[in-house]
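An overview of the molecular structure
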Amino acid sequence: MERTQWNGFKAGNWQNEIDVRNFIQTNYTPYEGDESFLAAATPRTEKLMKKLNHLFDLEQQFGGVLDIDTQTVTSLTNYKPGYLDKENEIIVGLQTDRPLRRGVNPFGGINMTRKACQAYGYELSDKVEQEFQYRTTHNDGVFRVYNEDILNARHVGIITGLPDAYGRGRIIGDYRRVALYGVDYLIQCKKEDKRKLGMELMDAEKIRQLEELYQQINFLGKLKEMALLYGFDISQPAKNAREAVQWLYFGYLGAIKEQNGAAMSLGRTSTFLDIYFERDLKNGVLTEAGVQEILDDFVMKLRMARHLRTPDYNELSPGIPCGSPRPWPAWARTAGRW
């Protein structure tokens, strides 16, 4: 399979099947120099950061939560596009329609969502309450399978851990696939997986896998719809570094709109993105200042990721409202230029 968006990359197995690891191993260039080549933040970036820092300050003044949309259940396409500064942003996309505004995700547990709203002076809307009378939430499912011994152990505190109503564990997706292959190819592969699986014995495990594949295909389609709301077509691979960052971020944004895991991790992306930046620098598409601007915008968006949590959760896991990424330099120097 050949794509014009891949011009300049070295050929490998990654072109024949979904294999991001092979793409990275085939194309990345180790960097052993110092940081002298890095460009400083531009005036545009500093202006955006000043605006974002002001919002962070307001959030703290409001007790840690700036605003909550209690009317809308968070999902890929349930919000209008949101921006920090539409005219000046390079990388776009917010979880809701306003910066730092939190959505409600009752799929984890309606009671915990209700308590989280109340803790910050809000009431979950009657609309959402009524909708979830007829749904089995994550918490409902978990407690239905607990036996009496487990319930008693949990009640007296022998077993401790995360508060209820959040996905129990760290969710790490490979959002790089969106940038490298485009969503249409990912859907094509999922459909082929579903076709092959449908030819096998229809036992309980296969039926569950087929349902999961259906949902994956469905939500990949919704991911394209979400990106189109912002004016981007992510059906095809990213053709440059800016698109690679934007496509990857859309994949992550879709995940944190839909999922409420204990920690929603971005994964290791720096080496992958470095390959795109190196190609654009070599071709004169970007300067070091341009690279820095894209990365700065990207990190701003990551720092704006928010889930609605109860105070109990925040006390247990401070600093990871959404599995928050660390500041850029700490995780970007794993390989490549940074």
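First, a word on what this report is: a plain description of the structure on this page. (Residues numbered from 1 in each chain as written. Predicted model: local features only at pLDDT ≥ 70, side-chain atom pairs only at ≥ 80, totals over all residues. Heavy atoms only, no water.)

Some details on the side chain of Ser 75
The residue Ser 75 is located in the loop between β1 (67–73) and β2 (101–104) in this model. Look at Ser 75 and you get buried, because its relative accessible area is 13%. A polar contact is formed between the side chain of Ser 75 and the side chain of Glu 258, at a distance of 2.5 Å. Not counting the four nearest positions on each side in its chain, Ser 75 is found in contact with Lys 257 and Glu 258. (Helix = DSSP H or I, 4+ residues; strand = E, 2+ residues; numbered from the N terminus. Buried < 20%, exposed > 50% of the residue type's maximum accessible area, 1.4 Å probe, protein only. Polar contact = N/O pair within 3.5 Å; in protein donor to acceptor, adjacent residues only side chain to side chain. Contact = heavy atoms within 4.5 Å.)

Details of the layout of surface pockets
Of the pockets and cavities examined, the largest pocket occupies roughly 1400 Å³. Taken together, 38 residues form the lining of the largest pocket, with Gln 216, Phe 219, Ala 255, Glu 258 and Gln 259 sitting closest to its centre. Of all the secondary structure elements, the ones that give two or more residues to the lining of the largest pocket are α5 (138–145), β3 (167–172), α7 (176–181), α8 (183–197), α9 (204–229) and α10 (241–258). In terms of residues, the lining of the largest pocket owes the most to one element, α9, which gives six residues. When the residues that make up the lining of the largest pocket are grouped by side-chain class, the tally is 14 nonpolar, 17 polar and seven charged. (1 Å grid on protein atoms, 1.4 Å probe; cavity = no way out; pocket = protein on both sides within 12 Å on 5 of 7 lines; lining within 4 Å. Points joined across faces, edges and corners; volume = space filled by probe spheres on them. Nonpolar A, V, L, I, M, F, W, Y, C, P; charged D, E, K, R; others polar.)

Brief notes about the packing of α10 against helix α11 (residues 270–282)
Contact geometry for α10 and α11: axes closest at 8 Å, N-to-C directions at 160 degrees. When the interaxial angle is binned, α10 and α11 end up roughly antiparallel. Packed against α10, whose contacting residues are Ala 241, Ala 244, Val 245 and Leu 248, the element α11 presents Phe 272, Leu 273, Tyr 276, Phe 277 and Asp 280 at the interface. Across the contact of α10 with α11, the residue classes break down as eight nonpolar, no polar and one charged. (Axes fitted to C-alpha atoms, helices over the stretch in contact; angles between N-to-C directions. Parallel < 35°, antiparallel > 145°, perpendicular 65-115°, else oblique.)

As for the packing of aromatic side chains
In total, this model carries 19 aromatic pairs according to the counting rule given. For the pair Phe 9 and Trp 14, a centre-to-centre distance of 6.3 Å together with 75 degrees between the ring planes defines the contact as edge-to-face. Residue Phe 9 shares its accessibility class with Trp 14, and that shared class is buried. A ring pair is formed by Trp 14 and Phe 23, whose centres lie 4.9 Å apart and whose planes are at 75 degrees; its orientation type is edge-to-face. Accessibility expressed as a relative area gives 0% for Phe 23, which makes it buried. (Phe/Tyr/Trp six-rings, centres within 6.5 Å; stacked < 30°, edge-to-face > 60°.)

Things to note about the pattern of salt bridges
Taken as a whole and judged by the stated rule, the model has 17 salt bridges. Arg 44 is the partner of Asp 297 in a salt bridge, and the nearest nitrogen-oxygen pair spans 2.7 Å. Of this pair, Asp 297 sits in helix α12 (residues 288–303) while Arg 44 sits in helix α2 (residues 43–61), placing them 253 residues apart in sequence. Neither Asp 297 nor Arg 44 differs from the other in exposure class; each is buried. With its nearest N and O atoms 3.4 Å apart, the salt bridge here joins Arg 98 to Asp 67. (Salt bridge = Lys/Arg side-chain N within 4 Å of Asp/Glu carboxyl O.)

Considerations on the side chain of Lys 257
Turning to its location among the elements, Lys 257 is positioned in helix α10. In this structure, Lys 257 is buried with no salt-bridge partner, the nearest side chain bearing the opposite charge being Glu 258 at 8.3 Å. The contact partners of Lys 257, leaving out residues within four places of it in the chain, are Thr 74, Ser 75, Leu 76, Tyr 79, Leu 94, Gln 95, Thr 96, Asn 105 and Met 226. (Lys, Arg positive; Asp, Glu negative; His and termini not counted.)

Observations concerning empty space enclosed by the protein
Within this structure, the stated rule accounts for four cavities of 30 Å³ or more. Of the voids in this model, the largest cavity is the one considered here, and its volume is about 160 Å³. Considering the residues around the largest cavity, the lining is formed by 21 residues, among which Gly 103, Val 104, Asn 105, His 307 and Leu 308 are closest to the centre. Of all the elements in the fold, those that place two or more residues in the lining of the largest cavity are β2, α3 (110–119) and α10. Looking at the lining of the largest cavity element by element, the count peaks at four residues for β2. Per-class residue counts for the lining of the largest cavity are seven nonpolar, ten polar and four charged. Its boundaries defined by the atoms lining it, the second largest cavity holds a volume of some 80 Å³. Lining the second largest cavity are 15 residues, with Leu 94, Gln 95, Leu 100, Met 304 and Ala 305 sitting closest to its centre. No other element matches α10, which puts three residues into the lining of the second largest cavity.

So, the packing of α8 against α9
Axis separation between α8 and α9 bottoms out at 10 Å; the angle between their running directions is 165 degrees. In terms of their interaxial angle, α8 and α9 are classed as roughly antiparallel. For the element pair α8 and α9, the recorded crossing hand is left-handed. Of the residues in α9, those in contact with Val 183, Asp 184, Leu 186, Ile 187, Lys 190, Lys 191, Asp 193, Lys 194 and Leu 197 of α8 are Lys 206, Gln 209, Leu 210, Leu 213, Tyr 214, Gln 216, Ile 217, Leu 220, Gly 221, Leu 223 and Lys 224. Among the residues forming the contact of α8 with α9, the class breakdown is ten nonpolar, three polar and seven charged. (Left-handed = near helix turned anticlockwise from the far one by under 90°.)

Focus: α10
For α10, with 18 residues, the first-to-last C-alpha span of 26 Å sits near the 26 Å given by 1.5 Å per residue. Of all the 18 residues making up α10, 17 are buried; the element is thus mostly covered by neighbouring parts of the structure. (Expected span 1.5 Å × (residues − 1).)

Things to note about unusual backbone geometry
Unlike most non-glycine residues, Leu 100 shows phi in positive territory, near 65 degrees. If you trace the backbone, Leu 100 turns up in the loop between β1 and β2. Classification of Leu 100 as buried rests on a relative accessible area of 3%.

Purely spatial values, then, with no claim about function.
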